[in-house]
Amino acid sequence: MPTNAKPDVEALLKPLKIGRLTMANRFVMAPLTRCRANTDHVPTADMVKYYSDRASMGLILTEATQIQKGYSSFGFEAGIYGPEQIAGWRKVTDAVHAKGGLIYCQIHNGGRATVPCNVTEGLKVIAPSAIAIEGHDSPALFAVDGKKQHYPVPAALTKSEIAEYVQLYATAAHNAMAAGFDGVEVHGANGYLIDQFLKTSSNKRTDEYGGSIENRCRFLFEVVDAVVAKVGHERTGLRISPLNSYNAQSDEDPEALTKYICRELNSRKLAFLDVMRGDLFTPARGADKWARETYEGVLFTGMGFEIEEAAQTVASGEAEGVVFGVKAIANPDLVARVIAGAALNEPDAATFYTHDNVGYNDYPTMPRAHHALGGAKASSKEAAKARPAVHKG
């Protein structure tokens, strides 16, 4: 497809095969939890517009989508555990597909990073070990009662409960197919349940699910294998964040952990592996490099990429695709803007997790006439003034 894009970003515009499907380009929309589902965790009409407006991305990864009823990490995220949630997501996937897009559902459980007031009676906050998140409270915007609160000491999962959670992930993957998704991404990152098993800071078990790297990865691979058994390896992806300290996470040897996961994944031939390259709170980077040294399949990476760096990363073979977060939030027409060489809107971080359309469906798109001309930098800069400059990513 002829474009006006500069040669140094052309690599991002090439198609890419993932499993049985082909992405139109190498732009991947990050799984961005935006807290816009209703109180029953059903996707809304606003979410239909939000996702379908971004269908030009090569692949959309949904927000963290709960696998279990009554167990919410963010208060207002969508679920994939019942018929109402499946029907709500079907409206999203139909709208994305109508515009030629691809969309995977990120299946998720928060473990110890679950807000206590979001857990219904009869359930308990769980984790691999009875160790609470320390150093920060849960944000008020993630709580159904709107109040900031401490994360509790979780109950350590028993072996029989671990098996039940493996099946919850598998059922969620099956439900995602019923909702029309093209595949699922298993959420193994950012201090949520699977990542809590992986990292030494949160996993102090002494049974076969703790201690060695192999044991700490056991739950991850039980989940991945159960999901693959339900939907197929070509429809399954995985996200990991070896260096990210979010939710009080750390590991004694993140490089060894990353490479072990990658070696084990090679035989499973997933659609892709999505590796967050660094830490949200420090300059630490390099997890994508460890993965590239070991992983033989399609590799995505993200965290803080500017467009030209992303294109260089793909052109050099360091990754097959790049995951964009805040740029995708602020620019529903991100791909078109890159093709046109136009300026980007700046994101408004104050509205990332609020519960209305402000900062959700009101970012301006590039004027069609300027899109056709392949430029209009000045006009795009004028549109960008509608949002304050918060941060780049």
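Above this text is the structure in question.
Cut-offs and rules
- Residues numbered from 1 in each chain as written.
- Predicted model: local features only at pLDDT ≥ 70, side-chain atom pairs only at ≥ 80, totals over all residues.
- Heavy atoms only, no water.
- Axes fitted to C-alpha atoms, helices over the stretch in contact; angles between N-to-C directions.
- Helix = DSSP H or I, 4+ residues; strand = E, 2+ residues; numbered from the N terminus.
- Left-handed = near helix turned anticlockwise from the far one by under 90°.
- Contact = heavy atoms within 4.5 Å.
- Nonpolar A, V, L, I, M, F, W, Y, C, P; charged D, E, K, R; others polar.
- Buried < 20%, exposed > 50% of the residue type's maximum accessible area, 1.4 Å probe, protein only.
- Salt bridge = Lys/Arg side-chain N within 4 Å of Asp/Glu carboxyl O.
- Pairing = 2+ DSSP bridges.

**A closer look at the packing of helix H7 (residues 254-266) against helix H8 (residues 287-294)**
Line of reasoning, step 1. It is the contact of H7 with H8, at a shortest axis distance of 9 Å, that shows an interaxial angle of 35 degrees. In the crossing of H7 with H8, the sense of the turn from one axis to the other is right-handed. Along its contact with H7, which presents Pro254, Glu255, Thr258, Lys259, Cys262, Arg263 and Asn266, the element H8 presents Ala287, Trp290, Ala291, Glu293 and Thr294.
Line of reasoning, step 2. Looking at the contact of H7 with H8 residue by residue, the classes come out as 5 nonpolar, 3 polar and 4 charged.

**A closer look at helix H1 (residues 45-52)**
Since the α-helix advances by 3.6 residues per turn, residues separated by three or four positions end up pointing in the same direction.
Line of reasoning, step 1. Considered for burial, the residues of H1 that qualify are Met47, Val48, Tyr50, Tyr51 and Ser52.
Line of reasoning, step 2. Buried residues along H1 sit in contact with strand S3 (27-29), strand S4 (59-66), helix H2 (83-98), strand S5 (103-108) and helix H10 (326-330).

**Focus: the pattern of salt bridges**
Line of reasoning, step 1. A complete count under the given rule lists 20 salt bridges for this structure.
Line of reasoning, step 2. The closest approach of N and O atoms between lysine 289 and glutamate 318, which form a salt bridge, is 3.6 Å. A residue pair is termed long-range when its members are at least 10 positions apart, and lysine 289 in helix H8 and glutamate 318 in the loop between helix H9 (307-315) and strand S12 (321-324) qualify at 29 residues.
Line of reasoning, step 3. The closest approach of N and O atoms between glutamate 320 and arginine 292, which form a salt bridge, is 2.9 Å.

**A few points about the sheet that holds strand S10 (residues 272-276)**
Line of reasoning, step 1. A barrel is described by the order of its strands in space; here 8 strands give the closed sequence S3-S4-S5-S8-S9-S10-S11-S12, paired in parallel fashion. Taking each pair of neighbouring strands and ignoring which way they run, the sheet shows an average axis angle of 25 degrees.
Line of reasoning, step 2. Inspection of the sheet shows S4 paired to S5 by 5 bridges, in the parallel sense. The residue of S5 that forms the bridge with glutamine 66 is histidine 108.
Line of reasoning, step 3. Strand contacts of helix H3 (residues 159-178): S5 and strand S8 (183-188), with the helix running at about 155 degrees to S5, the strand carrying the most contacts.
Line of reasoning, step 4. In this fold H9 packs onto S3, strand S11 (299-302) and S12, with an angle of close to 155 degrees to the strand it touches most, S12.

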